[in-house]
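# Chains, contacts and geometry: an overview
Now for the letters of each chain:
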Amino acid sequence: YRKAIRVMKIAEKFNLPIISLLDTIGAYPGIGAEERGQGEAIAKNLITMSGIEVPIISVVIGEGASGGALGIGVCDRMLMMENTWYSVISPESCSSILWRSWEYKEIAAFALKLTAKDMKKMKLVDTIIKEPLGGAHRNREKTFMIVKEAILNAYDEFKERSSSDLVKERMDKYSNMGIYKS
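So, here is what we can say about the structure in this document. This one's a predicted model, so the numbers in the text were calculated from it and none came from an experiment. Every chain is numbered independently, its residues counted from 1 as its sequence is written. Whole-chain, interface and lining totals are the exception, using all residues; otherwise, since this is a predicted model, local features are given only for residues with pLDDT of at least 70 and side-chain atom pairs are given and counted only at 80 or more. As a rule here, side-chain values cover all heavy atoms of the structure and leave hydrogens and water aside.

## A short note on the environment of Asp165
Inclusion rule: A run of DSSP states H or I qualifies as a helix once it reaches four residues; a run of E qualifies as a strand once it reaches two. Both are numbered from the N-terminal end.
With respect to the secondary-structure elements, Asp165 resides in helix α9 (residues 163–175). Placed 112 residues apart in sequence, Asp165 and Glu53 show a C-alpha to C-alpha distance of 8.8 Å.

## Some remarks on the packing of helix α3 (residues 38–51) against α9
To be explicit about the condition: Orientation is described by lines fitted to C-alpha atoms, with helices fitted over the stretch in contact, and by angles between N-to-C directions that extend from 0 to 180 degrees. By the definition adopted for this analysis, an angle is roughly parallel if under 35 degrees, roughly antiparallel if over 145, roughly perpendicular if from 65 to 115, and oblique otherwise. In this description, contact between two residues means that some pair of their heavy atoms is separated by no more than 4.5 Å. Polar here means any residue other than Ala, Val, Leu, Ile, Met, Phe, Trp, Tyr, Cys and Pro, which are nonpolar, and Asp, Glu, Lys and Arg, which are charged; Gly is therefore polar.
Axis separation between α3 and α9 bottoms out at 8 Å; the angle between their running directions is 130°. On the basis of the axis angle, α3 is oblique to α9. For the pair α3 and α9, the contacting residues are Met49, Ser50 and Gly51 in the first and Val167, Arg170 and Met171 in the second. Along the lines of polarity and charge, the residues of the contact of α3 with α9 split into 3 nonpolar, 2 polar and 1 charged.

## A word on a nonpolar patch on the surface
Selection criterion: Grouping into patches uses exposed residues only, defined as over 30% relative accessible area, and leaves out salt-bridged ones; the cut-off is 9 Å for like charges and 5 Å for nonpolar side chains (Val, Leu, Ile, Met, Phe, Trp, Tyr). Note on areas: Shrake-Rupley, 1.4 Å probe, and residue coverage restricted to the protein chains presented here. Each reported salt bridge corresponds to a side-chain nitrogen of Lys or Arg within 4 Å of a carboxyl oxygen of Asp or Glu.
Taken together, the side chains of Ile97, Leu98, Trp99, Tyr104 and Ile107 make up a nonpolar region of the molecular surface, amounting to roughly 500 Å² of accessible area. Considering every element that reaches the nonpolar patch, the biggest residue donor is helix α5 (residues 91–99), with 3 residues.

## Comments concerning the pairing of strand β2 (residues 56–65)
The following threshold applies: Residue exposure (1.4 Å probe, protein chains only): buried if accessible area is under 20% of the type maximum, exposed if over 50%, otherwise partly exposed. At least two DSSP bridges between two strands are required for those strands to pair.
Burial analysis of β2 places 8 of its 10 residues in the buried class, the great majority of the element. Bridge count between strand β1 (residues 18–24) and β2: 6 bridges; the pairing is parallel. Within β2, the position partnered with Thr24 by the bridge is Gly64. Judged from the 4 bridges that link them, β2 and strand β3 (residues 77–81) form a sheet pairing that is parallel. Its bridge partner being in β3, Val59 is matched across the sheet by Leu79. Bridge count between β2 and strand β4 (residues 85–87): 3 bridges; the pairing is parallel. Within the sheet, the bridge partner assigned to Ala65 lies in β4 and is Ser87.

## Focus on α5
Defined as follows: Directions from the helix axis toward the C-beta atoms define the arc.
Considered for burial, the residues of α5 that qualify are Pro91, Cys94 and Ser95. Projected down its long axis, α5 carries its buried residues within an arc of 100°, all on one side.

## Some words on the side chain of Arg170
Among the structural elements, Arg170 can be located in helix α9. The contacts of Arg170, once residues within four sequence positions are left out, are Met49, Ser50, Gly51, Ile52, Val54, Ile56, Val74, Cys75 and Asp76.

These results come straight from atomic positions and should not be treated as a statement about function.
In C-alpha cells:
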C-alpha cells in the first residue's frame, strides 16, 4: 500500500492518470500485519487517493476483496469485468464470522451482492466490461483490447476536467454511496 501510494503521488506530480487493476484476496488479518501497520497503511491510502488531483480509474479483473482492494480502489470510475466480484469482505470470511464456519460461504456470497450486476445495480460500479465468450481467460488478447478500450473511454470523461473538479466529484461519489439513516 505504501509503495502504491508513492507511485500514485509520482503520477500526480507528472499529471498522469492512474489505472489500478484489482485482483486481491484481501488484506491479511493477522497480528503480524497489524504490527506492521497494515490497517493504517490502507486507511492512509483511502485518504490520500481521495485527494489525488489526476483521474483514477480502477478495474476489477479478478477478486476484489476486503481492504486489499479498497486500499488501491478509490477512483473516479470503477470498471468491473463481468465475471469478477468486489466486496468489503470475502464470502469465506463473512461466513466464518457470522456462522463460525466456511460452510455457509455460498449464502454469504448471495447476501453480499458482490457480482458485477449487483454492484452496478447498487451504483458502486460504473461500468461492467463484457468478457469474450467463455470468459476472459479463454481469449486473453481480445480481453486486453476490451479492457484497454473501456479504460480509454473512461479516461475521455476526465481528461479535460480541472484537478479541483476531479477531487470534488470523487468526494461526492463516495459520499453518496450507501444508505444512511439518522
